[in-house]
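Listed below are the residues making up each chain.
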Amino acid sequence: GGATSPETLARRFLAAVTARDSAAFGNFLVSRAEFAWLVFPNHSYADPPYELDPELFWMQLRLGSAKGLDRTLERYGGSPLTLLRLTCQPDPLQLKHRPVRFWGGCDLRYRAGGKVETRRLFGSIVERDGRAKFLSYANGF
């Protein structure tokens with residue numbers, strides 16, 4: 001699953017929103033097993049002083065994802081969306097070890113109908129071994 005780059009992932013996300021393809025969103029998101037074995041052990045929340053329970057962290061991510069995705073589909077589902085630019089910030093503080101890279105604060109500049117907008121339609125992106133997936137669909141809606 002996932003995509004070869006964050007930009008490709010964002011394009012696929014917008015295509016799925018346009019098509020209202022709810023099944024596609026699961027393919028773009030880090031799975032529970034990927035989170036447990038590949039993401040959480042490298043995350044700063046796994047260590048002191050946080051030492052967050054991975055199950056609790058996973059639950060928080062899923063709740064934010066469901067809410068964000070529902071709001072995105074409510075607002076844009078079925079509307080043609082075209083990615084113009086994706087701007088993300090690397091976040092070396094969240095993930096402490098390579099080969100996992102964490103991208104946050106992703107702003108999408110996109111065309112929605114005849115209007116150009118810039119918003120955060122999803123949360124963080126995790127990249128590992130040349131594959132990118134969303135950690136969360138939480139957004140600012």
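Since the structure is predicted, the reported quantities are computational estimates derived from the model, not experimental observations. (Residues numbered from 1 in each chain as written. Predicted model: local features only at pLDDT ≥ 70, side-chain atom pairs only at ≥ 80, totals over all residues. Heavy atoms only, no water.)

*Asks:* Before we go on, may I ask you to explain the pattern of salt bridges in this structure?
*Replies:* Two side chains of opposite charge can pair, provided their charged atoms sit close to one another. Across all of its chains, the model carries five salt bridges by this definition. Across the salt bridge formed by Asp 107 and Arg 120, the nearest N and O atoms sit 2.9 Å from each other. Taken as a pair, Asp 107 in strand 2 (residues 101-112) and Arg 120 in the loop between strand 3 (115-119) and strand 4 (125-128) lie far apart in primary sequence, 13 residues in all. A relative accessible area of 43% means that Arg 120 is categorised as partly exposed. Two residues, Asp 129 and Arg 128, come together in a salt bridge whose shortest N-O distance is 3.3 Å. We classify Asp 129 as exposed; its relative accessible area is 60%. The class of Arg 128 is partly exposed, set by a relative accessible area of 27%. (Salt bridge = Lys/Arg side-chain N within 4 Å of Asp/Glu carboxyl O. Helix = DSSP H or I, 4+ residues; strand = E, 2+ residues; numbered from the N terminus. Buried < 20%, exposed > 50% of the residue type's maximum accessible area, 1.4 Å probe, protein only.)

*Asks:* It is not clear to me how the state of the cysteines should be interpreted in this structure. Could you clarify?
*Replies:* Put plainly, a disulfide is one covalent bond tying together the sulfur atoms of two cysteines. The final tally for this structure, using the stated rule, is one disulfide. The disulfide bridge from Cys 88 ends at Cys 106, spanning 2.1 Å between sulfur atoms. Measuring the twist about the S-S bond at about 120°, one finds the Cys 88-Cys 106 disulfide to be right-handed. A residue pair is termed long-range when its members are at least 10 positions apart, and Cys 88 in strand 1 (residues 81-90) and Cys 106 in strand 2 qualify at 18 residues. On the basis of relative accessible area, Cys 88 is assigned to the buried category, the value being 17%. (Disulfide = S-S within 2.5 Å.)

*Asks:* Hey, could you run me through helix 4 (residues 54-76) in this one?
*Replies:* An α-helical turn contains 3.6 residues, so a residue and the one three or four places further along point in the same direction. Taking 1.5 Å per residue as the helical rise, helix 4 with its 23 residues ought to reach 33 Å, and the 32 Å between its terminal C-alpha atoms agrees with that figure. Of all the residues in helix 4, the buried ones are Phe 57, Trp 58, Leu 61, Arg 62, Ser 65, Gly 68, Leu 69, Thr 72, Leu 73 and Tyr 76. Next to the buried residues of helix 4 lie helix 1 (6-19), helix 2 (22-28), helix 3 (32-39), strand 1, strand 2 and strand 3. One side-chain oxygen at the N-terminal end of helix 4 lies 3.0 Å from the backbone nitrogen of Glu 55; it belongs to Asp 53. (Expected span 1.5 Å × (residues − 1). Contact = heavy atoms within 4.5 Å. Polar contact = N/O pair within 3.5 Å; in protein donor to acceptor, adjacent residues only side chain to side chain.)

*Asks:* I tried to follow the pairing of strand 3 on my own but got confused; where do I start?
*Replies:* In regular strands, side chains alternate between the two faces of the sheet. Two strands pair when backbone bridges link them, and strand 2 and strand 3 are joined in this way by five bridges, in the antiparallel orientation. Within strand 3, the position partnered with Arg 109 by the bridge is Thr 118. Between strand 2 and strand 3, which follow one another and run antiparallel, lie two residues, and Gly 113 among them has a positive phi close to 65°. (Pairing = 2+ DSSP bridges.)

*Asks:* When you look at the packing of aromatic side chains in this model, what are you seeing that I'm missing?
*Replies:* The relation between two aromatic rings is expressed through the spacing of the ring centres and the mutual angle of the planes. Using the criterion set out here, one finds 15 aromatic pairs in the structure. Considering the side-chain rings of Phe 25 and Tyr 137, the 5.9 Å spacing of their centres and the 80° angle between planes classify their relative orientation as edge-to-face. Here Tyr 137 lies in the segment after strand 5 (131-134) and Phe 25 lies in helix 2, a separation of 112 residues in the sequence. Tyr 137 matches Phe 25 in its accessibility class, with the two residues each being buried. Aromatic rings pair up to connect Phe 13, Phe 25, Phe 28, Phe 122, Phe 134 and Tyr 137 into one cluster. Positioned above the aromatic ring of Trp 58, the side-chain terminus of Arg 62 is 4.0 Å from the ring centre. (Phe/Tyr/Trp six-rings, centres within 6.5 Å; stacked < 30°, edge-to-face > 60°. Lys NZ or Arg CZ within 6 Å of the ring centre and 35° of its normal.)

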